[in-house]
Amino acid sequence: MRLVFIGPPGVGKGTQAVRLTDSLRVPHVSTGDILRQGMREGTAVGRKAREFVDAGKLVPDEVMGDLIAERLAKPDARDGFVLDGFPRTVAQISILDDVLGRLGVVLDRVFVLVAPEQEIVRRLGGRRVCPQNGEVYHVESHPPKSPGVCDSCGTALIQRPDDAEEVIRERLGVYAELTEPVASAYAERGLLVEIDGTGDPDAVFERLQQGLEEV
Ligand code: AP5
């Protein structure tokens, strides 16, 4: 199964992608996670990406194209993947088409998760992440067992720099301008399934599974 998740920042793409990859036994390929790991480790891609990510802007398409080509060519992605956060521009659709064409595979479905803006802002404002292993929490809807501390490794949780209020506004603007046209393009190809992202994560996951049955 080769799936793409798109949707505004904070709608719950990562939360749902992790659940889905656990049940489908395919890798979760999150371009945001790959960039943040590169930033932590100081790789060439991480150094190029930092100024864009921290400002809530998109990393240039040519950087993202190399990154996604390399990741999807790895053996663990041969039989399927859930791609979370790519493509995000119309130009990135062509990049993905080329990469998949070279690999001789096609996409099965593109899911777009949707939720009202006030819910998105609430989710991002309360998000806390583990800087050590990337686990994601929410102060209300998914709190850690001990406040402020990762359940798995005990590291102090942080807020992502791009979850600052003014950066959230920038990211929402970028999504409306550059990524909504991606959803429209996949709708024209008959690949898009819209999923209501409101309600608790279990309710959203149930809707996703129903969407998958149509694949
Ligand atoms: P990325 O990491 O992809 O960020 P994003 O798309 O903005 O998405 P988020 O990770 O913020 O949110 P999410 O939808 O995964 O929500 P989550 O599940 O965490 O990208 C970051 C940056 O990298 C970009 O801004 C850009 O600079 C760069 N980048 C990445 N890809 C790129 C590309 N292709 N091209 C160029 N640049 C690129 O949930 C959010 C919170 O809500 C959590 O706290 C969670 O616990 C909670 N929550 C989730 N679901 C629910 C629910 N149903 N009910 C209540 N709370 C919930």
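This report concerns the structure included in the present document. Source: prediction; values computed, not measured. Here the residue numbering is sequential within each chain, running from 1 through the sequence in written order. Thresholds applied to this predicted model are a pLDDT of at least 70 for local features of residues and 80 or more for the giving and counting of side-chain atom pairs; totals over whole chains, interfaces and linings are not thresholded and use all residues. The basis for every side-chain value is the complete set of heavy atoms in the structure, and neither hydrogens nor water enter the calculation.

**A few points about the overall build of the protein chain**
Part 1 of the reasoning: What the protein chain contains, in helices and strands, is eight helices and seven strands.
Part 2 of the reasoning: Here the C-alpha radius of gyration of the protein chain, 17 Å, is about what a compact globule of 215 residues would show, namely 17 Å.
Part 3 of the reasoning: Across its three principal directions, the C-alpha atoms of the protein chain cover 45 × 40 × 35 Å.
Part 4 of the reasoning: Here's how the labels work: a residue is buried when its accessible area is under 20% of the maximum for its type, exposed when over 50%, partly exposed in between, all with a 1.4 Å probe on protein chains only. Among the 215 residues that make up the protein chain, the fraction classed as buried is 44%.
Part 5 of the reasoning: For the protein chain, the proportion of contacts with a sequence separation of at least 24, taken over those separated by at least 6, is 69%. Secondary structure elements are defined from DSSP: runs of H or I of at least 4 residues count as helices, runs of E of at least 2 residues count as strands, and each element is numbered from the N terminus. The quantity called the radius of gyration is restricted to C-alpha atoms. Its globule counterpart is 2.2 Å times the number of residues to the power 0.38. Contact definition: two residues touch when any of their heavy atoms are within 4.5 Å.

**Thoughts on the pattern of salt bridges**
Part 1 of the reasoning: Throughout this description, the term salt bridge denotes a Lys or Arg side-chain nitrogen within 4 Å of a carboxyl oxygen of Asp or Glu. With the rule as written, the count across this model stands at 15 salt bridges.
Part 2 of the reasoning: Between arginine 19 and aspartate 202 there is a salt bridge whose closest N-O contact spans 2.8 Å. In this pair, arginine 19 sits in helix H1 (residues 13-24) while aspartate 202 sits in helix H8 (residues 201-213), placing the two residues 183 residues apart along the sequence.
Part 3 of the reasoning: When salt bridges with common partners are traced through the structure, they connect Arg127, Arg160, Asp162, Asp163 and Arg171 into a single cluster.

**Remarks on unusual backbone geometry**
Part 1 of the reasoning: For the peptide bond that leads from phenylalanine 86 to proline 87, omega is 0°, which places it in the cis range.
Part 2 of the reasoning: On the secondary structure map, proline 87 appears in the loop between strand S3 (81-84) and helix H5 (90-103).
Part 3 of the reasoning: Phi is positive for arginine 25, close to 60°, though the residue is something other than glycine.
Part 4 of the reasoning: Relative to the helices and strands, arginine 25 is located in the loop between H1 and strand S2 (28-30).

**Description of the sheet that holds strand S1 (residues 2-6)**
Part 1 of the reasoning: One open sheet holds the five strands; their spatial order is S2-S3-S1-S4-S7, and the pairing between them is parallel. Looking at which strands have only one partner, the edges of the open sheet turn out to be S2 and strand S7 (192-196). Averaged over all pairs of adjacent strands, the angle between their axes in this sheet comes to 25°, without regard to strand direction.
Part 2 of the reasoning: In this scheme, strands are said to pair when DSSP sees at least two bridges between them. Direction of pairing for S2 relative to S3: parallel, over a ladder of three bridges. Bridge pairing links histidine 28 to valine 82 in S3.
Part 3 of the reasoning: For helices, the axis comes from a line fit to the C-alpha atoms of the stretch in contact; other axes are also lines fit to C-alpha atoms, and the angle between any two N-to-C directions lies between 0 and 180 degrees. Most of the contacts of H1 go to S1, to which it runs at about 165°, and overall it touches S1, S2, S3 and strand S4 (109-114).

**What about the nonpolar core?**
Part 1 of the reasoning: Within the largest apolar cluster, 30 residues are counted, with the highest numbers of intra-cluster contacts made by Leu72, Phe81, Leu83, Leu96, Leu107 and Tyr186.
Part 2 of the reasoning: Ranked by residue count, the leading element in this core is helix H4 (residues 61-72), at five residues.
Part 3 of the reasoning: Residue contacts for leucine 83: discarding those within four places in its chain leaves Leu3, Val4, Phe5, Val29, Ile68, Leu72 and Leu96.
Part 4 of the reasoning: To qualify as a nonpolar core, a set must consist of buried Ala, Val, Leu, Ile, Met, Phe, Trp, Tyr and Cys residues joined through side-chain atoms within 4.5 Å. In terms of nonpolar packing, the next biggest core, distinct from the first, is built from 20 residues, Phe5, Val11, Phe111 and Ile120 among them.

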